[in-house]
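# Chains, contacts and geometry: an overview
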Amino acid sequence: MPNEKPKFYLTTPIYYTNGLPHIGHTYTTVIADAIRRYKRMRGYEVVMTTGTDEHGVNVERAAQKAGIPESEYVARMAVAWKALWDELGIPADEFIRTTDIRHVRTVQWLFKLCKENGYVYKGNYTGQYCIYDNAFVTDAKPGDNCPDCGRPTETVTEENYYFKLSAFQKPLLDFYKKNPNFIQPETRKNEIISFVEGGLKDLSITRTTVRWGIPVPGEEPHVFYVWFDALTAYLSAVGGPDYEKRGFWPCDLHLVGKDIIRFHSVYWPAFLMAAMLPVPKQVWAHGWFLMDASKMSKSKGNVVLPRPIANMLGMDAMRYFLMREVVFGQDGNFSYDALVTRYNSDLANGLGNLASRTAAMIEKNFGGKIPKSGPRLPQDDALAKVASEAVGEALDRFEKFEFARSLETIWSAITAADKYLTSEQPWAMGDSEADTQRKATILWTTTELLRVVTVLAHPVLPDSTAKVWTLLGQPGRISAVELDGLRWGQLVAGVQLGKAQALFPRVDKQEAIERIEAMANEELNPTQQPAPAAAPAPTATAGGAAAAPAPEKIGIEDFTKVEMRVGQIKTAERIVGADKLLKLTVDIGTEIRQICAGIAQFYEPEKLIGRKVAVVVNLAPRKLRGVESNGMIVAASVGPEGRPVLAGFPDEDVEIGARLK
Ligand code: MSP
C-alpha cells in the first residue's frame, strides 16, 4: 500500500489489580503516552498497550476478603484502572486484561508451541514461595522472609510444568550481542548479561496450588504461572495467534520499571524464541520514584496519588514534573514541594507567562493579528538561532529518551525569549512608524519561538500546548503537526489570534500542597470523615453536612475496629511551612508515637506537654506535609470554622494506654 505509515508498538507493564494506580504506575504510563504522541508526530501509526494482570493468589485472597467472586473483583479493579487512565488523558489504545478470552487463547497457544518444540516438561518443585510477590524465593529456607517485601515465605511442593530456560543461555547472549540496544539503559544491560552468563535455571510456568489462573488445556488443575501468563498479554493485545494480520508484532518498546527488567529481557525473549516467534526490539527500564528514599506502599502510608495532583495543578503539570525532574532510567525523589515549585517557575512563570504576555501585546498593538517581521537586528537573529537549534537538540534528546534534557532545551529557549523581551522592551515603545515596525519584529520573533517550543513540548504537555496553539490562532490540531517538518520561520503573519486561554494560574505553594494532601487522604481513606484534629480539609464547604445522607448505623463490631487509647503528649512543636499542623510525640502506654495534629492555630505547643488526650492508635500511618503521622488525636469540631477542641480527661486520673470503649 502506498503512503502506509510505519508502525510503532509500545507497552507499559500490565499492572496488578491488588491496588489502585499511584504515581509510580502513572509515571510509566505517562512516559508511554508521551512517546506515543511524539511518534505520531513523527509520522508513525502507534499502538500503546496497557492493562491489568488479574490472576494469582493475591487476587483470590482479595476477592475473598471483599466477599465477591474473583471475576467480579478483577472486573471492578480493571474498570477503575482503565477509568483513571482515561480521566488522566493517558488512555490505552489497547487495554488488555489477563482474563480476556483473547489473552487466554494466546497463552494456551504459546504454551502449545513451546511444548511442541520440546521446551516444556513436567516436574516437581518444593521451595519457599512468597505469595505477595507471586514468586518462589530462590535459596530461601523454611522460615525465611521474602528478600523483596520482607514478609514470610511459605513452603510449597507441587507438580509444575517447567520451561527449559537453561537451553536459552547461549541464544540469549547471542541475541543481546546482535541487538545491543535491546536492553536499555546500559547499566541494566550489563546486569542482565552477567545474570545470564551466571547460568539459567529452568523455570516453573504452571501451578496446581493456585485456582485463579488460566487453565492448561487438558491438564487441570494446572494453571499458568504469573509471568508466562502476564508477559504474553503484550502479544494478546495485538492479535495473539493472528498477530501478523495487525502487523504490530514484534513490539518496538516495552517500558518497564527496573523491578521487572529480568522477566522482560530474559524470560520473555526466551518464551518467544522457544515458540519461534519474533522477539521484541527493545526493553527500557526506568528507575523508581521514591518517597523519602523508600519505595511507595500503602502500608508505609507514603503513596502519592495522581488524581489529587491533576485536580489541583492539571495533568500537564504532573507530566512535566515526572519527565523533567529525574533522568529517565534513574531513581528520583517525589516531593510536593518540588512539584509545586516547578509548576510555578517553569509553567506559570515560564511558558504560561510568555504566551499570555505575547498575546496581550499583539492584541494591544496589532488588533490581535500576528504582525509581519520588519528588518531584523542581530538580537532577533540570535533568538531565532536559539529556537532553531532547540528544534534539532530537543528532538534528538527525546529520540534518545533523554526527556529531562529535551525539556531543558525547550525551556532554555523560553528563558531566552523572556530575556529578549526584557531587554527589547516592546511595551516601552511608542507609536511611530519605526517603533511599530520594531515592535512587529519583536512580537513576530517571540510568537514564532512560542510556536516552535509549543510544538516541541506537545508530547509532554498535550493540553496546555493545544491551548497555546489555539491562542496563537494556528490552523489544525497541534497533534497533527509533523515534527520532521518543523522549522524556524514558518509562522504566517496576519493570522488572527484565538481566544485567550487560562494556562497555568500561579498557586500558593503551601495551600496547594495542603489541598493535594487533603484530597489524597480523602481518596485513601474514603470512609473516614475529614479529621479535624489530624488533617483540616482546606476546601470544606459549609452546608455539606446538611446535604449528606443520614449516616448508616454501625454494629459494635465496627466500632471496636477503631482502637482508641489514652495518650500523654510528651513534646509538641510547630512544623515549618505548615501553619495548621503541630508535630507531637505521644506516649500511648506501649510506645511513643509521632502524630501530627491540625491544631496549631488553636493550641500553644508548650501548653500541651503532659496533657492526656484520646488517640486513635490503629490508623494507617500517613504523611502530612511530608511529616509522618502515626495515629490521630481526637477532637471535637466546634463552630462554623471547625475549631478543634481536644477530647481529654480533666477530672480523672486515667492510666496512659487505657483503651476507650
Ligand atoms: N503485573 C506485573 C507486571 C507484568 S508485565 C507483563 C507488575 N505489576 S505492578 O502493578 O507491580 O507494576 C509494576 C510497574 O509499575 C513497575 O514496573 C513500574 O513500571 C511501575 N511502578 C510501580 N511503582 C513504581 C515507582 N515507585 N516508581 C516508578 N515506577 C514504579 O509488576
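Look up a bit, the structure's there.
Heads up: these notes are all about the structure in this document.

The rules behind these values
Residues numbered from 1 in each chain as written. Predicted model: local features only at pLDDT ≥ 70, side-chain atom pairs only at ≥ 80, totals over all residues. Heavy atoms only, no water. Axes fitted to C-alpha atoms, helices over the stretch in contact; angles between N-to-C directions. Helix = DSSP H or I, 4+ residues; strand = E, 2+ residues; numbered from the N terminus. Parallel < 35°, antiparallel > 145°, perpendicular 65-115°, else oblique. Contact = heavy atoms within 4.5 Å. Nonpolar A, V, L, I, M, F, W, Y, C, P; charged D, E, K, R; others polar. Near = heavy atom within 4 Å. Polar contact = N/O pair within 3.5 Å; in protein donor to acceptor, adjacent residues only side chain to side chain. Expected span 1.5 Å × (residues − 1). Bend = angle between axes of the 7 residues up to and from the residue. Buried < 20%, exposed > 50% of the residue type's maximum accessible area, 1.4 Å probe, protein only. Core = buried A, V, L, I, M, F, W, Y, C linked by side-chain atoms within 4.5 Å. Pairing = 2+ DSSP bridges. 1 Å grid on protein atoms, 1.4 Å probe; cavity = no way out; pocket = protein on both sides within 12 Å on 5 of 7 lines; lining within 4 Å. Points joined across faces, edges and corners; volume = space filled by probe spheres on them. Phe/Tyr/Trp six-rings, centres within 6.5 Å; stacked < 30°, edge-to-face > 60°. Lys NZ or Arg CZ within 6 Å of the ring centre and 35° of its normal. Salt bridge = Lys/Arg side-chain N within 4 Å of Asp/Glu carboxyl O.

## Let's talk about the packing of helix α13 (residues 378–399) against helix α14 (residues 403–424)
Look at α13 against α14: their axes get within 8 Å of each other, and the N-to-C directions meet at 170°. Comparing their axes, α14 and α13 come out roughly antiparallel. Of the residues in α14, those touching α13 at Gln379, Asp380, Leu383, Val386, Ala390, Glu393, Ala394, Arg397 and Phe398 are Phe403, Arg405, Ser406, Thr409, Ile410, Ala413, Ala416, Ala417, Tyr420 and Glu424. When its residues are assigned to classes, the contact of α13 with α14 shows 11 nonpolar, 3 polar and 5 charged.

## Quick notes on the site of the ligand
What surrounds the ligand is a group of 22 residues, the closest being Ile14, Thr28, Asp53, Gly257 and Phe289. Here an oxygen atom of the ligand sits 3.0 Å away from a polar atom, N or O, in the main chain of Tyr16. One nitrogen or oxygen atom from the side chain of Asp259 is found 3.1 Å from an oxygen atom belonging to the ligand. Only β1 (7–16), α1 (23–41), α7 (226–236) and β11 (253–257) provide two or more residues apiece to the shell around the ligand. Residues of the shell around the ligand, tallied by class, amount to 12 nonpolar, 8 polar and 2 charged.

## Thoughts on helix α9 (residues 261–274)
Under the 1.5 Å per step criterion, the end-to-end length of α9 is 19 Å for 14 residues, consistent within 8% with the ideal 20 Å. Along α9, the largest kink reaches about 25° and is centred on Tyr267; proline Pro269 follows within four residues of it. Most of α9 is tucked away, with 12 of its 14 residues classed as buried. Within α9, burial applies to Ile261, Phe263, His264, Ser265, Val266, Tyr267, Trp268, Pro269, Ala270, Phe271, Leu272 and Ala274. Downstream of α9 by one or two residues, Met276 has phi in the positive range, about 60°.

## Considerations on the nonpolar core
Membership of the largest hydrophobic core comes to 102 residues, with the highest contact counts inside it found for Ile35, Ile309, Leu322, Met323, Phe334 and Trp411. A total of 13 residues in this core trace back to one element, the largest contributor, which is helix α12 (residues 336–366). Leaving out residues up to four positions away in the same chain, Met323 has contacts with Val30, Ile31, Ala34, Phe398, Phe403, Ala404, Leu407 and Val460. Val57, Ile183, Phe263 and Val283 belong to the second largest nonpolar core, which has 65 residues in total.

## Side note on the sheet that holds strand β15 (residues 332–333)
The 3 strands lie next to each other as β14-β13-β15, forming an open sheet whose pairing is mixed. Of all strands in the sheet, those bounded by a partner on one side alone are β14 (294–295) and β15. The pairing of strand β13 (residues 289–291) with β15 spans 2 bridges and is parallel. Of the residues in β15, the one forming a bridge with Leu290 is Asn333.

## A closer look at empty space enclosed by the protein
Where empty space is left in the structure can be found by rolling a water-sized probe over the atoms. Inspection of every chain in the model, using the stated rule, returns 3 cavities of 30 Å³ or more. Space inside the largest cavity adds up to approximately 90 Å³. Around the largest cavity, the lining is made up of 13 residues, and of these Gly56, Val210, Phe224, Tyr225 and Val226 lie nearest the centre. Looking at the lining of the largest cavity, the elements with two or more residues in it are β10 (223–224) and α7. Going through the elements one at a time, α13, α14 and α15 (433–457) are the ones with two or more residues in the lining of the second largest cavity. With 3 residues, α13 is the single largest residue contributor to the lining of the second largest cavity. Grouping the constituent residues of the lining of the second largest cavity by class yields 9 nonpolar, 1 polar and no charged.

## Remarks on the side chain of Glu158
You can see Glu158 is positioned in strand β6 (residues 154–163). Side chain to side chain, Glu158 and Asn160 meet in a polar contact 2.8 Å long.

## Brief notes about the packing of aromatic side chains
Using the criterion set out here, one finds 38 aromatic pairs in the structure. Pairing Phe224 with Phe228 gives two aromatic rings, centres 5.5 Å apart and planes at 20°, and the pair type is stacked. Of the two residues examined, Phe224 and Phe228, each falls in the buried class. An aromatic cluster of three or more residues is present, and its members are Tyr27, Tyr38, Trp284, Phe289, Phe321, Phe328, Phe334, Tyr336, Phe398, Phe401 and Phe403. Across the ring face of Trp288, the terminal group of Lys258 is positioned such that the distance to the ring centre comes to 4.7 Å. In this structure, Arg262 packs its charged tip against the face of Phe195, placed 3.7 Å from the ring centre.

## Observations regarding the environment of Gly257
The topology assignment puts Gly257 in strand β11. What makes Gly257 buried here is its relative accessible area of 6%. Beyond its immediate sequence surroundings of up to four residues, Gly257 is in contact with Ala285 and His286.

## Structural notes on unusual backbone geometry
The peptide bond linking Gln184 to Pro185 adopts the cis configuration, its omega dihedral lying at -5°. Note the cis peptide between Trp249 and Pro250, where omega equals 10°. Considering the arrangement of structural elements, one finds Pro250 in the loop between α8 (243–246) and β11. The backbone of Phe401 shows a phi angle near 60°, a positive value even though the residue is not glycine. Relative to the helices and strands, Phe401 is located in the loop between α13 and α14. Using a relative accessible area of 9% as the deciding quantity, one classes Phe401 as buried. In this model, Gln425 sits at a positive phi of 45°, which is unusual for a non-glycine residue. Among the secondary structure elements, Gln425 is positioned in the loop between α14 and α15. Given a relative accessible area of 36%, Gln425 falls into the partly exposed group.

## Topic: the pattern of salt bridges
This structure, assessed with the given rule, holds 46 salt bridges. Measuring nitrogen to oxygen at the nearest pair gives 3.1 Å for the salt bridge that ties Asp381 to Arg376. Of the residues examined, Asp381 reaches a relative accessible area of 40% and is grouped as partly exposed. When the shortest N-O distance is used, the salt bridge between Arg438 and Glu424 registers 3.0 Å. With Arg438 in helix α15 and Glu424 in helix α14, this pair connects stretches of sequence that are 14 residues apart. The exposure class of Arg438 is buried, given its relative accessible area of 14%. Take Glu424: its relative accessible area is 14%, and that puts it in the buried class.

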